[in-house]
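# Structure assessment
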Amino acid sequence: MQFTAEQIASMVGGTVEGDPQAVVSTVAKIEEGHKGSISFLSNPKYTHYIYTTDSSIVLVSRDFKPEQTIKATLIRVDDPYATVAMLMQMAAKMLTPDMKGIEPQSAIAEGVEIDDSCYVGSFAYISKGAKIGRNVKIYPRCFIGMNAEIGDNTILYPGVTIYHHCKVGTDCVLHAGVVIGADGFGFAPVNGHYDKIPQLGNVVIGNNVEIGANTCVDRATMGSTVIEDGVKLDNLIQIAHNCHVGTNTVMASQVGVAGSTKIGCHCMVGGQVGFAGHITIGNGVQIGAQSGIPRDIPDGKVMMGYPAVDAGQFARQAATLARLPEMMKTISALQKKIAELENK
Amino acid sequence: MQFTAEQIASMVGGTVEGDPQAVVSTVAKIEEGHKGSISFLSNPKYTHYIYTTDSSIVLVSRDFKPEQTIKATLIRVDDPYATVAMLMQMAAKMLTPDMKGIEPQSAIAEGVEIDDSCYVGSFAYISKGAKIGRNVKIYPRCFIGMNAEIGDNTILYPGVTIYHHCKVGTDCVLHAGVVIGADGFGFAPVNGHYDKIPQLGNVVIGNNVEIGANTCVDRATMGSTVIEDGVKLDNLIQIAHNCHVGTNTVMASQVGVAGSTKIGCHCMVGGQVGFAGHITIGNGVQIGAQSGIPRDIPDGKVMMGYPAVDAGQFARQAATLARLPEMMKTISALQKKIAELENK
Amino acid sequence: MQFTAEQIASMVGGTVEGDPQAVVSTVAKIEEGHKGSISFLSNPKYTHYIYTTDSSIVLVSRDFKPEQTIKATLIRVDDPYATVAMLMQMAAKMLTPDMKGIEPQSAIAEGVEIDDSCYVGSFAYISKGAKIGRNVKIYPRCFIGMNAEIGDNTILYPGVTIYHHCKVGTDCVLHAGVVIGADGFGFAPVNGHYDKIPQLGNVVIGNNVEIGANTCVDRATMGSTVIEDGVKLDNLIQIAHNCHVGTNTVMASQVGVAGSTKIGCHCMVGGQVGFAGHITIGNGVQIGAQSGIPRDIPDGKVMMGYPAVDAGQFARQAATLARLPEMMKTISALQKKIAELENK
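Just so we're clear, the structure is a prediction, and the values are computed from it rather than from any experiment.

### Regarding the environment of T249(B)
Residues and elements named next belong to chain B. Among the structural elements, T249 can be located in the loop between β29 (244-245) and β30 (250-251). Linking T249 and E228, residues 21 residues apart in sequence, is a C-alpha distance of 8.6 Å. Setting aside anything within four residues of it in sequence, one finds T249 in contact with G230, V231, K232, I263, G264, C265, H266 and C267. Here H266 takes part through its backbone nitrogen, which lies 3.2 Å from a polar atom of the side chain of T249. A polar atom in the side chain of T249 sits 2.9 Å from the backbone nitrogen of C267.

Shown next as structure tokens:
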């Protein structure tokens, strides 16, 4: 996919200065520009790069006044940053297949209404009582359980499983292999074996949530496991039964959250972090990768380690740890000196 | 789903005391009761809660004698705990779709017999030579490989994959995305690259095993990877080739077990724990979350840490670690004092 | 599956010494031999085992001269090790279903060419513009996105998802549930929520790559996430957007690599290791299980720990850590002695 300066200018309402036939196929930061890339200049701190960048095209504001010669072709627009974001969105739309309609080999239960704006791929299975919003895209081999609900504009990529009675909000993206609403891990010890505790609740996912490939969110024992609006979960994450994840919290890959734990809003959780069950994490908490969280954390803390401590303390501990073997020697030397002093 | 006291009493053979039209839709602990929930009183230690609980209905034993007025409607039964467990099982049955029959868009190889008591969903694929027990539920888009066997009453949720020659016992539950019998991770270094070592064995899963969403159990190089009766595995767990997991052992989410490791019976393994390969873990071992297990553990030990040590020792180490920076200062002070003493 | 000594000898061009009707069904190391297994003797160091092994058949070289009586039936061949490897490959071929042809319930977009040498299972979905090589096996319910490419001889086991525009090389094996090309985890904070950064790149996988069950490799924001030739990834691994994994690098299960990290060639990475984003790991690096890698590592290093340090240093730290509580006591004792000395 390639575009000329002329084509881009006409798409974004800009004016070309330089070669209207300059061709680009990718976006790059102005300081990392290369032939065939388009960059933008928005922050005045980066202005000096425009004179050296190898990008073929640079988006600049209409009032930008160059002070030296510029190799790149310029396109003048009202807001260079907004324009580049728009161009990326347009490119995404071109690259991503725009699927519509119901493919013939799908299986949709009687009585389920599918709006004309939706896509239902082959081998997708939609159970009795499911409610599907407008403009929903259900890729091949998704499974929507009985009475499950999918909100408007949500995309389910191939192989997503939504168990019965679970709800997904509007404008969500669930990537391939996501499992929503499998049974929570609940067993009661009885005479040396385990009896299954029925998992009667569901999962409720808010709006604007994105969930990465093969991530699992288990249904609640009673009530709901809740993922609030704007949450972003990376791949291969585990959210156990009865957890609650607050709005706009972000978790990197392979995080595990044990049962009934409540995580606040606007938290940032690094990869492979583990949370104990039945704890409460405040709002705006940041947790370093691979940390282990055994207990509550108040609002706004930055934590790190196993078990996690304040990030500053973790750094000091790690530094001290590196000096431990040397410290051992110091102590032995002190013991000797004291013995000598005592002998005097 | 709502029930009145009257309906519940008739289902469980109890007698109502209070409002027969009291309505409940969920179960709650008596100390956490709220309007619309049903609780039970079994342990006498909790008796005082019955006078303050907000639960709409409480199950009590036939001989319970209240000493104050009680807001909730009572239902008298022989065994309140057993009754509430039964009610939860009944609710689970009502909530969970009871699927039967063979859906037309499934693919079942010639010669495979499916009993009338079974369910085979659309887009399920059953290969040649597979043996399917009675009352098995195979949800849409499951894959059963050649000569694989599935025991009576087992449930395979959507998208489970059972590779060729693997065996799953009776009364098992495998959640969405489980993969049983993918090749073990075996490669021989040859001239700077790796040659695949054929994985000729299989996986054998016992009875009453539950396996969580997207968990993987690899086939053995030779012989079998074995999951014994009553084992419960949470989501996103990795069990490598030739491992052996003993009866009634329970593992939380994201645990990883490397090849040929043998884990005993009745163990409890916390989330994200990692086991080295070719080690032996005794019976009744408990391992704290995120621990790393580099070597054998005898029966009955409680372990924690990376690398794991006795749980008591881990707690002491963690406490000492927190005091390390202060300790450093103490040592410096001692050095100074000794220097002064030596100068005298 | 059973074979007699006579049958095996005729398959491998060997000569039988002993019972031509001796029957085997599995392979075992000579020191672990048992009735019904075949072993081989290649390394002279193991020669003494041949007089005690319980294997029913042993492959030996044509010039082997026994010095005692041998219970097992011998088959003399030119190269016993090469012969046993060949037998295992043959067994693998017999055990693994050899699928061919296009099953009727698959969905293949118009214009996609499938060579007669290929297998496409039921419920597999191949999108417009996809290119499928010769002798490719696509098991049931795989999804191949728009314009994706699959090289010759590659096997996609059930439920693999290849997103649009991604490329998989020749002679690869992708196990069940693998997800290639889901969106990278990229979001820009805007007024307290997150806007999705379009993920415009793809994934490019080289030749002879094996990827374990439910492993995820995300597409690049721009450009490509690259997995080079000969890489072996175990199950449940996460490779984030814009990562680059060098030739013949091997990763055990549940490793996580954050965005834009570059890992060299011939590295060996233990299970559950986590890599920070935007770092560079050299060639031939070895990393112990569960380590956390926060920064660059030069070629050839052996690392371990959280955060990872040189493996030798890690061992010393762990040893010192175990002695910490005792060290604390020593320091207290020293303090006392010094106080006494000062009082004098």
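From this point, the discussion proceeds with the structure in view.
### Description of the interface of chain A and chain B
Facing the 61 residues of chain A at the interface are 58 residues of chain B. Across the chain A to chain B interface the summed buried area is about 4,700 Å²; carbon plus sulfur atoms make up 67%. Together, F185(A), Y194(A) and Y306(A) form the three largest contributors to the area buried by chain A at its contact with chain B, with a combined 15%. For the pair chain A and chain B, the number of links is 1 salt bridge. Run the count over chain A and chain B and you get 24 residue pairs in polar contact (both at pLDDT 80 or more). Broken down by secondary-structure element, the contributors of at least two residues to the side of chain A that touches chain B are β22 (193-196) and α3 (311-343) of chain A. Here the side of chain A that touches chain B takes 14 residues from α3(A), the largest share from any one element. For the side of chain A that touches chain B, a count of residues per class yields 32 nonpolar, 22 polar and 7 charged.

### Notes on the relation of the copies chain A and chain B
It takes a turn of 120° to lay chain A on chain B, together with a shift of 0.0 Å along the axis; the resulting RMSD is 0.1 Å. Each copy turns onto its partner about a three-fold axis. Across chain A, the smallest distance between a C-alpha and the rotation axis is recorded for F123(A), namely 3.6 Å.

### Details of the interface of chain C and chain A
Residue-level contacts link 61 residues of chain C with 58 residues of chain A. Contact between chain C and chain A buries roughly 4,700 Å² in total, counting both sides, with carbon and sulfur atoms accounting for 68%. Linking chain C to chain A there are 1 salt bridge. The residue E210(A) makes a salt bridge to K196(C) at a minimum N-O spacing of 2.8 Å. Between the two partners, chain C and chain A, sit 24 residue pairs in polar contact (both at pLDDT 80 or more). Counting residues per element, the ones that place at least two in the side of chain C that touches chain A are β22 (193-196) and α3 (311-343) of chain C. Per-element accounting of the side of chain C that touches chain A gives the leading share, 14 residues, to α3(C). Here the side of chain C that touches chain A is composed, by residue class, of 32 nonpolar, 22 polar and 7 charged.

### Examining the environment of E210(B)
Position of E210(B) relative to the elements: it lies in strand β24 (residues 210-211). In sequence terms E210(B) and D115(B) are 95 residues apart; their C-alpha atoms lie 23 Å from each other. Setting aside chain neighbours within four positions, we find E210(B) in contact with D183(A), F187(A), K196(A), V173(B), H175(B), V231(B), K232(B) and L233(B).

### Some points on the packing of aromatic side chains
Summed over all chains, the structure comprises 30 aromatic pairs over all chains. With a centroid separation of 5.7 Å and 55° between ring planes, the pair formed by F40(B) and Y81(B) is classed as tilted. One end of the pair, F40(B), is in strand β5 (residues 37-40); the other, Y81(B), is in helix α2 (residues 80-95), and 41 residues separate them in sequence. The class of F40(B) is partly exposed, set by a relative accessible area of 23%. On the basis of relative accessible area, Y81(B) is assigned to the partly exposed category, the value being 47%. On the basis of an interplanar angle of 15° and a centroid distance of 5.4 Å, the ring pair of Y125(C) and F143(C) is categorised as stacked. Placement of Y125(C) in strand β11 (residues 125-126) and of F143(C) in strand β14 (residues 143-144) is noted, with a sequence separation of 18 residues between them. Across the pair, exposure class does not vary: Y125(C) and F143(C) are buried alike. Three or more aromatic residues link up through ring pairs in this structure, and these residues are Y119(A), Y139(A), Y157(A), Y125(C), F143(C) and Y163(C).

What counts as what
- Residues numbered from 1 in each chain as written.
- Chains lettered and ligands numbered in written order.
- Predicted model: local features only at pLDDT ≥ 70, side-chain atom pairs only at ≥ 80, totals over all residues.
- Heavy atoms only, no water.
- Helix = DSSP H or I, 4+ residues; strand = E, 2+ residues; numbered from the N terminus.
- Contact = heavy atoms within 4.5 Å.
- Polar contact = N/O pair within 3.5 Å; in protein donor to acceptor, adjacent residues only side chain to side chain.
- Buried area = accessible area lost by both parts, 1.4 Å probe.
- Salt bridge = Lys/Arg side-chain N within 4 Å of Asp/Glu carboxyl O.
- Nonpolar A, V, L, I, M, F, W, Y, C, P; charged D, E, K, R; others polar.
- Least-squares fit on C-alpha atoms with pLDDT ≥ 70 in both.
- Phe/Tyr/Trp six-rings, centres within 6.5 Å; stacked < 30°, edge-to-face > 60°.
- Buried < 20%, exposed > 50% of the residue type's maximum accessible area, 1.4 Å probe, protein only.

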